[in-house]
Each structure stands twice: as C-alpha cells, then as structure tokens.
Amino acid sequence: MRSHTRWLAVVSGWGVLLCAAGGGAAPARAQESHIGGMTGHAAAAKPLYERYCAGCHGDEGDARGENAQWIDPKPRDFTMAVFKCRSTPTGTLPTDADLFDAVTRGFVTTNMPPWVALTPGNRADLVAYIKTFSPKWKTGHAGTPITIPPEPALSIESMRHGRDLFQKMECWKCHGTSGHGDGPSAATLTDNKDLPIHPYDFSSGSRFMCGVTNRDLYKIFMTGLDGTPMPSFADDIKPADGWDLVHFLRTLQPLDTPEARMWKAWLATHAQELKPIGPPGTGQ
Amino acid sequence: MRVRITRRGGTAQMSWLLSAAVTSGCLAAALALSGGRSKAYTAYSLAVHKASAIPAFARKYGLRCSACHTVWPELNAFGQRFKDNGYQLGNERDSPMWQSPAYWPIAMRTTPQWHLESTTHQITDAAPAGKTLSQTGFDLSGVDFLLLGTLHKNITFGLVPTLDADGTTGLEAAFVRFDNLGQSPWANLKVGKFELDNLLSEKRFTWLSNNGGFLYAYHYLPSGSANNFGFGDNQIGAEFSGHSFNSYTRYSVALLTTDDGEPGLPGGKSMDAMFTLSQAFAPGGGLGPQRVGVFGYLGHRPTTFETVVGAPIPGTGAGNKSFYRIGATAQLWLGNLELLPLVSHAQDDAALGPGPEKPTWNNALLEAHYVATPRFMVQGRYELTRMSTQGDPATPQTLGDADAFALGFRYYPFMISRDGMALHGEFAMTRTTGTAPLSGDGSGVDPADPATKVWSRSLLLAFDFAF
C-alpha cells in the first residue's frame, strides 16, 4: 500500500511538470520582427524582456529600470524609437536586422552586454517586443539601408585624403586632434535627453559602438548616431570618399591593423609633409 | 497607439495553479508519511557546498539574477558564456580598474530552514534489528563566502571559503584563471581547486535537502569501496578549456591530483584526467539552446603507502589502481520546460573494491524544471543506480542499488540586481538496497540483511538567500 503511494507521488510529480509545459504554449500575437528567414513574436518575449532587459530599460521600455540610475551611459529609451546603430539614413527607423545585431553585439564600454548566447529565436522575439514600446513602429516603416560601395584597396593616398576629411568635417572638434575624444566641444555634448555624452576615444583601442569592421565604421558616420551629437555625413562626404575617412580613422586606434602598419611606415619618413589637425591657424 | 501584450493564456495560469496545488499536496503527503516516528539521531547531510549564484556580479554589472540564471543558482546560456569568459561580459569594463574603489567582489549565501528526515531500517543500540529514525526541526545550512571576479582583464580569480553550521571552516574553491589566451576563447587555463566542468552542475543546482541535495551519479561508490572519488567534489589541478564565441561549443581537459580535492597531497603522485565536450543547438523557441555533451574521468588511487610506526605517510601512495567514469548528458528545452537527462557508467579496479572482480555500475537520471516565470519554478528528479558487477561475487547483485526521487519548487519574491532570495520547498526520498542512504541520514549503518530496502526521506522548507 505504501509502495503505491510512493509511485503515485512520482507519477503525479512528472505529470505536473508535463501538464505545465503544455499549458505554456500559444501566446497572443501582436508585433513581429523579421530577420532573414526568422520571425520573432513580441508575445513570446515578455518573460524574456523581464528576465534580461527590464532591469535597465524598464518594464515600459522607458529607460527607467531599477538599475538605470546607476548606469552611465543611460540605457536606451525604447518609447522614443531613436536608435544609434542603424543601416538606415538618419532620422529613420532601423531595420529589424539592425536591432537584432545590436542585441547580439551589445555596446562596448556600456552596461549593454552581447546577448549572443541567447538563441536567435529569443533575440528575434525581443526585437519584436522592443517595437511595441513606441507607436512609431505602427505608423512608420524602417528606412531603406544605405548603399555602401565596395571598399577600395588601401593606400597612403586614401588615408591622407581621409585625414583631410577629418580636418574639413571638423571631426576633431569632438574627437580631438589625435582622436582621444578630447576636442574643444567634447565637454559640452549632450544627447537627446540632455544627458552628458562623451565622444568616442579612438585611442581606447576598443571596438566601435556599432561594430568592429570597416564597414561598420563607414555606416556610423554615413548614418549618424541618432540621439547623439554625432551627425550623418551622408550629404557632405561622397560615398567613395567615405572609405578614405575609414582608413584614416583606423590609424588612430592603437591596434595592429593594416592601416596602422602602412601609416606608421609612411610617417617614419614623411611626417613633416603633414599639416597639424585643428582649428584654423594651427597650420591648415 | 501602443500595442499591449496580453498576458499568458488562462490555460497556462491553470497549469501553474495546478502545479502549485499538486506540489503542495505531495509535500503534505510526504509530511504525513514521514511523521509520527520516534526521534533519534540523524546524521547530517553530505555537506555539499553550493558555489551558487553570485550577486557580486549582479552588482558589478547591474544585471538581474535572471540574466545569468534560469532561476538562480542554475546558469542559463548567457550565464554559462559569462562564466566561460572568465566572469567577463566583454564590454571593455571587466577589469576591476573600471569599478568604484569601494566595490568588493564578495557575496554570501546561506539557508535558514526547517526540515524533516526519516530513514527506515536503522540499526541502533536499542533496536539491533533496525527501526525508523526521524529528526525534525529548524536548522541552518553553512555559509558560503563567494569571492569571484577579475584581477585584471582576462585574469580571473575565485575564492570560496566556507563555514559550516557547526563552525567548521573549509576552502571550497581557490583558483586563478587566464582567459582568452592568444586572444582566443578556445584557450583558457585554470589552476587551483575548482568544480569540474560538469554540464549538470551539482554546485549550481536547485536542490537543498539531505536526500535531494546531491546526485548519486556524482558520489556513488559500491559497498566496500576504498575509492574516495566524487564527480561532485571540487578537485585540485589544472584545467585547459575553450569555447566558441557564444559558448555553444565547449570543451575542457583537466589534470588533477588523486586526492579528491583534499589539500596537502595526502594521496599519491599519480594524476587523474578528465575531459568534457558539449555542443548546443538553437532550434525552436525554448528558453535556451539544446545542449548535448559527453564526459569522462580516468583516475587512480594508491593502494599502499610508506609508513612510520605503522601510520601511512601522506603523499607516498603507490600501487596505483585505476577507475573510470564515462557518461553523456543534455540540457533540453521544450518551451519553458527544461529536461536534464544524464547517463553514466563507472568501473573501479578490483583492488579498490571488496573482492576479486572489478565493480561496475550504471546510473541514469532525469531532472525537469518548469520555469513558469523568472521567479517561480517547479522541479522533479528521478535517478537510479544499478550495480552491474559486484566486486565480491558472493555479494547479492542488488546490494547498493539506489533510487532517488525529488520534487520541489522555488519562488523568488523579488528580482533585482543586488541580491536574491528564494522560498524553497522540497521533498526527496531515496531507496537503497542493503546499504545506508548516501545522504548520511539515519544511523549510517548498513542493515543486517543485504536485501533490505532502506527508505530515507527529506522534507525541507527554507529561505535561501544570497547577498
């Protein structure tokens, strides 16, 4: 008799687990994301968002999670639907793939880690869920990704032209003459919520906010980082010239890149040919 | 207009309530079955310290416990990657230089509890034929002091002093780890005392009771064995490990001293070796990826020592005899249901056993967690151990066979990035044939009749907290 009771306990225990598993299916469908052939569903992501995101971004996506007060820079406010890292022109919504890449990659030097260990399905669901926080996703569409021409071969001429653009576009005003993020305007910068923001320090050697490749770097200044003082230069720099700026910016990083090696070798014998970067009157 | 996400359907809520109701029912039934017996001495548990959740990381990175834990202390895929990466997120802010000077990488965990233990067929002075012994009351677990973090970018440390409830101190873990050697996640070197790279971690699992708080697969030894090895015991040695960028592919190889984690080189000069290999896949929409893995351990234990005045001299062990453990395990997700199967096969050299044959045995278990929300889960486990070959052929084939069943729940009243607390309920019972339960409950003496089935039960209600 007692043996029967024990087995009843065993069977009922496993039954509970299996019943509960079946009961968790079929959530309501509200918003979707589409990344490649994958479809993410917002309805499936609410517990995922609570688990991974709400602590900083807040239950309502308004960047008011309990941990937000301790974070610098502050977490993204999804209710504004303004995103830094996009493949689309400035002022437009990012593609689902842009958001998916951001979740996957994280943001270097911030509290946003790379969530690459989550399954692609989970990440796609979270992208769909993020889009429920702003009505812009119901009334508008993602912008059309910019066209990026093929990267030309690396050359000294390309890097020198990029250096000229760095001067002409006044990148140094924020990023500093050596790319240390210490330009004359650096201390005055604020984001779209009037919070202080620091320009990127190329000498930190870390990855870029929106990726690690030359192509990512090209996208950053051609689309701008919306919500920050970093504008889009799509109207000011010809697409082909953009690669020249990429090649030069790579030389500002303390990394062993092809650009840095070629630039360093050239500088050893031609440094005197360069005019200093900086405000008018410093030699330009 | 904002799109509102509907809550889970009524069916899910009903299942949740049903889970809670039946779980409570099982616990109540267990209480009734185990109660009303005479009080007597009950040996304390296997004293498995839990490396557990580490709120120091939550405080450092500002992430909720649920970011790294399915429910703490069990790691999820993100937490596993974080651990594999040397407790680093990889956001260029992992070095302690980026932390406030006041940051102190320490967390503590302990578990005030009420529990009941009841074990049948226990031999006592007054009852040489055996009787049921039970003990119940409020009690304490030990305290784990979890000091883990980074000394510098890509240099990780771990230090886990422990304090048992009776005042005994210990050093559960102490290691340094060099991460991402050559800028590659495939090369990491850890030296010191640490948990083996068990996919089904006993240090981070969600069971606490005397009979449920360990795995037979990790601690079982046949009757009369002179071996002291336990997969679940932290070992001393060096581990070389690696993983893919997302930690879906993982491996480790380790060289370990033959002392089962005891410092001071009490055993011999030989070395044990272990390997693990696992691969995760990400089909479907479960709470995590599907992972399968294999593991193996080849060990030695000395059979003779140099002596002085008849006493063995530590570290002089010789006449090493081998043993091995091999197995396979998995972590599978069906929606919010997590299944953790494990099968293993073990063999000891005959010289480590009681007779002329090499004792061999097999183990299989299935553990299931239903993670209803990041703050509530119900769980169950069934595990069986069967002797395949007895060291002494005269021994009954079933001597030492064991069955273990456990059912429980954990509820987390809040979920923040500073600390954590869980209301823990658990009922666990084991049936061992001819031997005392491995939990140590009861008198610890084997029954006179090797065919006797000994039942040992634990009922535990606890507040499990870490800060």
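1. Quick notes on the overall build of chain B
Here is step 1 of the chain: Summing up its helical and strand segments, chain B has five helices and 20 strands in all.
Here is step 2 of the chain: A total of 467 residues make up chain B; the buried ones form 52% of that total.
Here is step 3 of the chain: When contacts within chain B are restricted to residue pairs at least 6 apart in sequence, those whose partners lie at least 24 apart make up 63%.

2. A look at the overall build of chain A
Here is step 1 of the chain: Helix and strand counts for chain A come out as 11 helices and two strands.
Here is step 2 of the chain: Overall, chain A shows an N-to-C arrangement of helices and strands of α-β-β-α-α-α-α-α-α-α-α-α-α.
Here is step 3 of the chain: Burial statistics for chain A: of 284 residues in total, 44% are counted as buried.
Here is step 4 of the chain: Counting only contacts in chain A whose residues sit at least 6 apart along the sequence, the fraction spanning at least 24 positions is 61%.

3. Considerations on the domain arrangement of chain A
Residues and elements named next belong to chain A.
Here is step 1 of the chain: Along its sequence, chain A is organised into domain 1 (32–139) and domain 2 (156–273).
Here is step 2 of the chain: The gap between the C-alpha centroids of domain 1 and domain 2 is 26 Å.
Here is step 3 of the chain: Facing the 17 residues of domain 1 at the interface are 18 residues of domain 2.
Here is step 4 of the chain: Its residues placed into classes, the side of domain 1 that touches domain 2 shows seven nonpolar, five polar and five charged.

4. Focus: the pairing of strand 1 (residues 106–110) of chain B
Residues and elements named next belong to chain B.
Here is step 1 of the chain: Burial of strand 1 is one-sided: the residues A107 and R109 facing one way are buried, the residues I106, M108 and T110 facing the other way are not.
Here is step 2 of the chain: Across four bridges, the pairing between strand 1 and strand 4 (residues 143–152) is antiparallel. Residue pairing in the sheet places A107 in a bridge with L146 of strand 4.

5. Regarding the environment of Y49(A)
Residue and element names in this part refer to chain A.
Here is step 1 of the chain: Within the secondary structure, Y49 sits in helix 2 (residues 46–52).
Here is step 2 of the chain: In this structure Y49 comes out as buried when scored by C-beta crowding, with 21 C-beta atoms within 10 Å.
Here is step 3 of the chain: Put simply, Y49 and A186 are 137 residues apart on the chain and 34 Å apart in space, counted from C-alpha to C-alpha.
Here is step 4 of the chain: Other than its neighbours up to four places away in sequence, Y49 contacts A54, L126 and Y129.

6. What about the nonpolar core?
In globular proteins that are soluble, nonpolar side chains generally tend to be buried together.
Here is step 1 of the chain: In this structure, A45(A), Y49(A), L126(A), V127(A), L245(A) and F78(B) are the most contacted members of the largest nonpolar core, which totals 95 residues.
Here is step 2 of the chain: Looking at this core element by element, the count peaks at six residues for helix 5 (residues 120–130) of chain A.
Here is step 3 of the chain: For this core, the two domains that each supply at least three residues are domain 1 (32–139) and domain 2 (156–273) of chain A.
Here is step 4 of the chain: Not counting residues up to four positions away in its chain, the partners in contact with L126(A) are A45(A), L48(A), Y49(A), C53(A) and V103(A).
Here is step 5 of the chain: Of all hydrophobic cores here, the second largest spans 38 residues; its members include A254(B), A436(B), V454(B) and L459(B).

7. A short note on the pairing of strand 16 (residues 360–373) of chain B
When a strand is regular, its side chains alternate between the sheet's two faces.
All names here are of chain B.
Here is step 1 of the chain: Across 11 bridges, the pairing between strand 15 (residues 337–348) and strand 16 is antiparallel. Within strand 16, the position partnered with L339 by the bridge is A368.
Here is step 2 of the chain: Taking the residues between adjacent antiparallel strands as the criterion, strand 16 and strand 17 (residues 376–389) are bridged by two residues.

8. Some thoughts on helix 4 (residues 96–105) of chain A
Residue and element names in this part refer to chain A.
Here is step 1 of the chain: Across the 10 residues that make up helix 4, a large majority, eight, are buried.
Here is step 2 of the chain: Looking at helix 4, one finds that the buried residues are D96, D98, L99, F100, D101, A102, V103 and R105.
Here is step 3 of the chain: Of the surrounding secondary structure, the elements contacted by the buried residues of helix 4 are strand 1 (32–35) and helix 5.

9. As for the environment of F157(B)
Residue and element names in this part refer to chain B.
Here is step 1 of the chain: Within the secondary structure, F157 is located in strand 5 (residues 155–163).
Here is step 2 of the chain: Owing to 18 C-beta atoms within 10 Å, F157 belongs among the partly exposed residues under this scheme.
Here is step 3 of the chain: Spatially, the C-alpha atom of F157 lies 31 Å from that of M377, the residues being 220 residues apart in sequence.
Here is step 4 of the chain: Excluding residues that lie within four positions of it along the chain, F157 makes contacts with L148, G149, L151 and V176.

10. Observations concerning the packing of helix 7 (residues 156–168) of chain A against helix 10 (residues 239–251) of chain A
Residues and elements named next belong to chain A.
Here is step 1 of the chain: Direction vectors running N to C along helix 7 and helix 10 enclose 90 degrees, while the axes themselves pass 7 Å from each other. The angle between the axes of helix 7 and helix 10 places the two elements in the roughly perpendicular class. Taken together, the residues of helix 10 that come into contact with helix 7 (itself represented by S158, M159, H161, G162, R163, L165 and F166) are D241, W243, D244, L245, V246, H247, F248, L249 and T251.
Here is step 2 of the chain: Of the residues assigned to the contact of helix 7 with helix 10, the class counts are eight nonpolar, five polar and three charged.

11. Things to note about the confidence of the model for chain B
All names here are of chain B.
Here is step 1 of the chain: Residues of chain B with pLDDT of at least 70 account for 88%, and the chain-wide mean is 88.
Here is step 2 of the chain: Within the model, pLDDT remains below 50 along residues 1–17, and this stretch shows 27 contacts once partners closer than five positions in the same chain are excluded.
Here is step 3 of the chain: Considering only residues more than four positions removed or in separate chains, one finds that residues 26–48, a stretch of pLDDT under 50, has 53 contacts.
Here is step 4 of the chain: For this predicted complex, the interface score ipTM comes out at 0.84, while the overall pTM is 0.86.

12. Focus: helix 5 of chain A
All names here are of chain A.
Here is step 1 of the chain: Among the 11 residues in helix 5, 10 count as buried, and that is most of the element.
Here is step 2 of the chain: If you check which residues of helix 5 are buried, you get G121, N122, R123, A124, D125, L126, V127, A128, Y129 and I130.
Here is step 3 of the chain: Those residues of helix 5 that are buried are in contact with strand 1, strand 2 (38–41), helix 2 and helix 4.

13. Comments concerning the environment of G167(B)
Residue and element names in this part refer to chain B.
Here is step 1 of the chain: Counting through the fold element by element, G167 comes out in the loop between strand 5 and strand 6 (169–178).
Here is step 2 of the chain: When the 7 C-beta atoms within 10 Å are taken as the criterion, G167 is described as exposed.
Here is step 3 of the chain: Between the C-alpha atoms of G167 and P393, which are 226 residues apart in sequence, the distance is 43 Å.

14. With respect to the packing of helix 4 of chain A against helix 5 of chain A
Residues and elements named next belong to chain A.
Here is step 1 of the chain: Here helix 4 crosses helix 5 at 120 degrees, and the two axes come no closer than 9 Å. Relative to helix 5, the element helix 4 lies oblique. Relative to helix 5, helix 4 is oriented so that their crossing is right-handed. Note on element contacts: helix 5 touches helix 4 through R123, A124, L126, V127 and I130, opposite D96, L99, F100, V103 and T104.
Here is step 2 of the chain: Grouping the constituent residues of the contact of helix 4 with helix 5 by class yields seven nonpolar, one polar and two charged.

15. Section: unusual backbone geometry
Here is step 1 of the chain: With an omega of 0 degrees, the peptide bond between D72(A) and P73(A) qualifies as cis.
Here is step 2 of the chain: For P73(A), the location among the structural elements is in the loop between helix 3 (54–57) and helix 4.
Here is step 3 of the chain: Each neighbour pair has its own omega, and for W72(B) with P73(B) the value is 15 degrees, a cis peptide bond.
Here is step 4 of the chain: Summarising the element assignment, P73(B) is placed in the loop between helix 3 (65–68) and helix 4 (77–84).
Here is step 5 of the chain: The backbone phi angle of Y87(B) is positive, close to 55 degrees, even though this residue is not glycine.

So, how was this worked out
Residues numbered from 1 in each chain as written. Chains lettered and ligands numbered in written order. Predicted model: local features only at pLDDT ≥ 70, side-chain atom pairs only at ≥ 80, totals over all residues. Helix = DSSP H or I, 4+ residues; strand = E, 2+ residues; numbered from the N terminus. Buried ≥ 20, exposed ≤ 12 C-beta atoms within 10 Å, placed from the backbone. Contact = placed C-beta atoms within 7 Å. Domains from an automatic or database assignment. Nonpolar A, V, L, I, M, F, W, Y, C, P; charged D, E, K, R; others polar. Pairing = 2+ DSSP bridges. Core = buried A, V, L, I, M, F, W, Y, C linked by C-beta atoms within 7 Å. Axes fitted to C-alpha atoms, helices over the stretch in contact; angles between N-to-C directions. Parallel < 35°, antiparallel > 145°, perpendicular 65-115°, else oblique. pLDDT = per-residue confidence, 0-100. Left-handed = near helix turned anticlockwise from the far one by under 90°.

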